[in-house]
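A structural walkthrough
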Amino acid sequence: MEEIQRYLKSGSLSTDKLSPAQWSALVFILLSSANDLEVFELNKFFASEEALLMLLPVVKASNTALLSSCNLSERSCEALSSVLSSQSSSLRELDLSNNNLQDSGVKLLSAGLKSPHCRLETLRLSDCLLSQEACVSLASALSSNPSHLRELDLSYNHPGDSGVELLSAGVKDPHWRLDTLRVEPGGVRWLRPGLSKYFCQLTIDTNTVNRHLQLSDNNRKRGRSLGDHVIQ
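What counts and what doesn't
- Residues numbered from 1 in each chain as written.
- Predicted model: local features only at pLDDT ≥ 70, side-chain atom pairs only at ≥ 80, totals over all residues.
- Heavy atoms only, no water.
- Helix = DSSP H or I, 4+ residues; strand = E, 2+ residues; numbered from the N terminus.
- Buried < 20%, exposed > 50% of the residue type's maximum accessible area, 1.4 Å probe, protein only.
- Contact = heavy atoms within 4.5 Å.
- Areas by Shrake-Rupley, 256 points an atom, 1.4 Å probe, with all protein chains shown as cover.
- Core = buried A, V, L, I, M, F, W, Y, C linked by side-chain atoms within 4.5 Å.
- 1 Å grid on protein atoms, 1.4 Å probe; cavity = no way out; pocket = protein on both sides within 12 Å on 5 of 7 lines; lining within 4 Å.
- Points joined across faces, edges and corners; volume = space filled by probe spheres on them.
- Nonpolar A, V, L, I, M, F, W, Y, C, P; charged D, E, K, R; others polar.
- Phe/Tyr/Trp six-rings, centres within 6.5 Å; stacked < 30°, edge-to-face > 60°.
- Salt bridge = Lys/Arg side-chain N within 4 Å of Asp/Glu carboxyl O.

Helix and strand content of the chain: nine helices and nine strands. Burial analysis of the chain (232 residues in total) assigns 41% to the buried set. Partitioning the intrachain contacts of the chain with sequence separation of at least 6 by distance along the chain shows that 73% fall at a separation of at least 24. Of the roughly 13100 Å² that the chain leaves accessible, carbon and sulfur atoms contribute 48%.

Time to look at the nonpolar core. Across soluble globular proteins, nonpolar side chains have a tendency to be buried as a group. Ranked by size, the top nonpolar core spans 54 residues in total, and within it Leu67, Leu123 and Leu125 carry the most contacts. Only α2 (20-31), α4 (49-54), α5 (56-61), α6 (74-85), α7 (102-113) and α8 (132-144) provide two or more residues apiece to this core.

Under the defined criterion, the tally for this structure stands at one cavity of 30 Å³ or more. Looking at the largest cavity, the residues that line it are Leu113, Cys118, Leu120, Leu142, Asn145, His148 and Leu149. In the lining of the largest cavity, the residues fall into five nonpolar, two polar and no charged.

This structure, assessed with the given rule, holds two aromatic pairs. Their ring planes at 65° and their centres at 5.4 Å tell us that tryptophan 23 and phenylalanine 46 sit as a pair that is edge-to-face. Taken together, the residues span a long stretch of sequence, with tryptophan 23 in helix α2 and phenylalanine 46 in the loop between β1 (39-41) and α4 at a distance of 23 residues. The exposure classification of tryptophan 23 matches that of phenylalanine 46, with both residues buried.

Tallied over the full model, the rule gives four salt bridges. The closest approach of N and O atoms between arginine 124 and glutamate 151, which form a salt bridge, is 3.6 Å. Remark: glutamate 151 occurs in strand β5 (residues 151-153) and arginine 124 occurs in strand β4 (residues 122-124); sequence separation between them is 27 residues. The exposure class of glutamate 151 is buried, given its relative accessible area of 15%. In this structure, arginine 182 and glutamate 151 form a salt bridge, with 2.5 Å as the shortest nitrogen-oxygen distance. Of this pair, arginine 182 sits in strand β6 (residues 180-182) while glutamate 151 sits in strand β5; the two residues are 31 residues apart in sequence, bridging distant segments of the chain. Classification of arginine 182 as partly exposed rests on a relative accessible area of 37%.

Have a look at this one:
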């Protein structure tokens, strides 16, 4: 306990250094902290799947779990599904944005959403490489257990027209509590992993471009001037 508290105070906590006993001590400390249980943010500790799996008891006891951009995969979705299915879970808000979950991960997560014990009200899955298939899984889960989820964020994915229609119909269904559905922006480009999804071709208007801007390589690279020379 003393070792973990020193690590936390110094900001030098690392998963590579923790023994099983130290992991247990960290879980105990976090479970004893009212602030961490109100909003648990994995990035404050370790942005990794291994850390999430070790800290699942903390996620289960938290009201809000912020797990965005933590290098999570479908393995995490399976573990979180068990959390959502637990009768003792306190989780009401779950943010899994910017993780490579894919449709297979959301299918596993949806099994937890179907549970009658699930009380989740907000689910964020922005930029998770999802397609129409994920929408089918989510719609099926919400049809089975429609009484709690109120907000669903699927922006920066590719749900397709049929996926959007499927979930939009649920918003109109009086048996569903879902009243906020985000699907824009969307499109097939958001199924690309990594930074490649942000690539786009730009055209420069030579009539309005800044006259100090210098370009090279067929106007595709920006240069900077040094005297009368351009450095690429």
